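# Structural features, examined
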Amino acid sequence: MDNLDAARLQMAFTLMFHIVFACIGMVMPFFMVVAHKKWLNTRNPTYLKLTKSWQKGVAIFFVTGAVSGTALSFELGLLWPEFMKHAGPIIGMPFSLEGAAFFVEAIALGFYLYGWDKIPEKFHWFTGVIVGVSGVASGILVVSANGWMNAPSGFDFINGQFSNIDPVAALLNPAWFTQALHMTLAAFTATGFAVAGIHAYQVYKKRQIALHQKAFKIAITFAAVAAILQPLSGDLSAKDIAKRQPAKLAAMEAHYDTAKGVPLYIGGIVNNDTQEVSYKLKLPNALSFLAFGDFNAEVKGLNDFPEDERPNVPVVHYAFQIMVGIGTLLLLVGLLFFVSLKRKTWWKKQRFWGLFILLAPLGFIALEAGWVVTEVGRQPWIIHNIMKTKDAVTPVPGMVFSFYMYVVLYTILAIAVTWLMGRQIKALNNTQTL
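Right, let's walk through the structure included here.

So, how was this worked out
Residues numbered from 1 in each chain as written. Predicted model: local features only at pLDDT ≥ 70, side-chain atom pairs only at ≥ 80, totals over all residues. Heavy atoms only, no water. Helix = DSSP H or I, 4+ residues; strand = E, 2+ residues; numbered from the N terminus. Expected span 1.5 Å × (residues − 1). Polar contact = N/O pair within 3.5 Å; in protein donor to acceptor, adjacent residues only side chain to side chain. Patch = residues over 30% accessible without salt bridge, like charges linked within 9 Å, V, L, I, M, F, W, Y side chains within 5 Å. Areas by Shrake-Rupley, 256 points an atom, 1.4 Å probe, with all protein chains shown as cover. Salt bridge = Lys/Arg side-chain N within 4 Å of Asp/Glu carboxyl O. Buried < 20%, exposed > 50% of the residue type's maximum accessible area, 1.4 Å probe, protein only. Core = buried A, V, L, I, M, F, W, Y, C linked by side-chain atoms within 4.5 Å. Contact = heavy atoms within 4.5 Å.

With 28 residues, helix H10 (residues 313-340) extends 40 Å from end C-alpha to end C-alpha; this agrees with the ideal 40 Å at 1.5 Å per step. Of the residues that open H10, the one with a side-chain oxygen 3.2 Å from the backbone nitrogen of valine 315 is asparagine 312.

Where nonpolar side chains cluster on the molecular surface, the patch consists of Ile107, Phe111, Phe123 and Phe126 and spans about 400 Å² of accessible area. Taken together, the elements giving at least two residues each to the nonpolar patch come down to helix H3 (81-114) and helix H4 (121-150). Looking at where phenylalanine 123 falls in the secondary structure, it is placed in helix H4. Using a relative accessible area of 39% as the deciding quantity, one classes phenylalanine 123 as partly exposed.

Across soluble globular proteins, you tend to see nonpolar side chains buried next to one another. Within the largest apolar cluster, 76 residues are counted, with the highest numbers of intra-cluster contacts made by Phe31, Trp54, Phe193, Phe216, Ile220 and Phe356. A total of 16 residues in this core trace back to one element, the largest contributor, which is helix H1 (residues 3-42). Residue contacts for tryptophan 54: discarding those within four places in its chain leaves Met28, Phe31, Met32, Ala35, Val195, His199, Ala215 and Ile218. Counting 25 residues, the second-largest nonpolar core is a separate cluster that includes Ala254, Val262, Val313 and Met323.

Here we take up unusual backbone geometry. Note: most peptide bonds trans; most residues except glycine with negative phi. Between glutamine 379 and the following residue, proline 380, the backbone shows a cis peptide bond with an omega angle of 10 degrees. Among the structural elements, proline 380 can be located in the loop between helix H12 (362-376) and strand S7 (381-383). Of note in this structure, aspartate 117 is not a glycine but carries a positive phi near 65 degrees.

See below:
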């Protein structure tokens, strides 16, 4: 394994873990404050118990998200020094603002965790809202920096030099809005279905049914709304990618030859050597319409690009199919949940809860697949059409050992978090009184 492969694997591996911790840390505060608000309105002790349980989860994921995010920050400089040499002054603003959002989140979380019976109830609840809002803002700012890598802006690139830097234009790059919207909705969908699935399992096992049904309803409501809205953001993202990154769109659809009235492939096995996709379902003219709003629009194929500037087509295509397939399934189940509110008898059936147990991990699988599409689909560029990934990697040898070390550390971190959350669920089930 050479330095480039080791650096890419290390970045991918750490990001794979961090994105889960970060998304849960972004979304769970909203579940917490909804339960808290219901406690303030009803004085039902079940909601207070749920709020105090969820706040512990928020604290755990705040810490793990901070740790894993800090490691990623160091990796940018250690693994990709040439990238940071040029990109640092340009995208420093979103990272600086993300740091400010993180500090606000930390202060608000401190008030929330230790403010029970010490500060006014409404202000105490509002500090929880600040935790959630600042967490989402932090995520959006980081995604803005990633959007800049896909749609570099805010500078002039002349003779290999970056000049006339405009940090605001870099922050508000052409990709930031669509990526941030898609990512935020994905975070709510993935976290909501995961949390709902955990509580559905407790109901399935008949443990503190009233409490877990209330928790389930809060989490799945957020998830269902986000899942229903997600295709709209996906459509915006696809149209944006079609204009800015046509090679990525072609890889997503395994589309090799430029043509008009291009079909959309659902599923399929890609043979990159013969440039064929077998066993697919083909929707005539659908890709042209989804990309450009015109059934006869021309869509560029991969053969229009040099071979060394094409992403890994099978990986991007399969990841895209997984993301869309799971997203569609979760949308349908989200609609099913709203129907179940009218058909309460469904909540008495074990198979209803079993469905949500099975779906619990799928949102995060789709989330990871989406990031594969975003990152692998941009390759071989680390800054689209400006700098290739191979030109940004550190020349220092031995990165493979750094990769193995991070695999061990993050595996231990994941086990520790899983154990801690398991303890919280057991405590929630075993505690009869506050």
